[in-house]
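Remarks on the overall topology
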Amino acid sequence: QVQLVESGGGLVQAGGSLRLSCAASGLTFSAYNMGWFRQAPGKEREFVAAIRRSGGNTYYADSVKGRFTISRDNVKNTVYLQMNSVKPEDTAVYYCAATGRLISLGVPATYDYWGQGTQVTVSS
């Protein structure tokens, strides 16, 4: 049974930092490309960042480029999202997801498995 468990969310002031983690089990982690998405109330789920299986290639939404960093540890079966210089508009539930597909990593439908999400709230 595949499980993706996010942690590290919480309340942070604008300009601060937060690191999200997503621990994977029940799958061969190194065989999956991983993504982070977020969903704010009343909005659609949107792409944040993705990382290839080997960790050699990363992709970011324009809204977070230069502020967020995705990384992974294939020994610990964990993917991370380092969030710096956060803004109130970053407030959302953040989800990690796993896919065996090689393309369209910015599209939610590409992903096979999803975590339950972790809330991030940025105060102004």
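Notes on the structure follow. (Residues numbered from 1 in each chain as written. Predicted model: local features only at pLDDT ≥ 70, side-chain atom pairs only at ≥ 80, totals over all residues. Heavy atoms only, no water.)

**Quick word on the packing of aromatic side chains**
Between two aromatic rings, the relevant description is the distance of the centres plus the angle of the planes. As a reminder, the rule being used: Ring pairs are drawn from Phe, Tyr and Trp, using the six-membered ring of Trp, whenever the two centres fall within 6.5 Å, and their geometry is named by plane angle: stacked under 30 degrees, edge-to-face over 60, tilted for the rest. Strands here are runs of E lasting at least two residues and helices are runs of H or I lasting at least four, both read from the DSSP assignment and numbered beginning at the N terminus. Each residue gets one of three labels from its accessible area relative to the maximum for its type: buried under 20%, exposed over 50%, partly exposed in between, using a 1.4 Å probe on protein chains only. Criterion for a charge above a ring: Arg CZ or Lys NZ at most 6 Å from the ring centre, at most 35 degrees from the ring normal.
For the coordinates displayed, the defined rule picks out six aromatic pairs. Taking the centre distance of 5.1 Å and the plane angle of 55 degrees together, the rings of phenylalanine 37 and tryptophan 114 count as tilted. Residue phenylalanine 37 is found in strand β4 (residues 33-39), and its partner tryptophan 114 is found in strand β10 (residues 113-114); the two are separated by 77 residues along the sequence. On the basis of relative accessibility, which here comes to 28%, the residue tryptophan 114 falls in the partly exposed class. Among the aromatic residues, those joined into a ring-pair cluster are Phe37, Phe47, Tyr95, Tyr111 and Trp114. If you follow arginine 45 out to its NZ or CZ, it ends over the ring of tryptophan 114, 4.7 Å from the centre.

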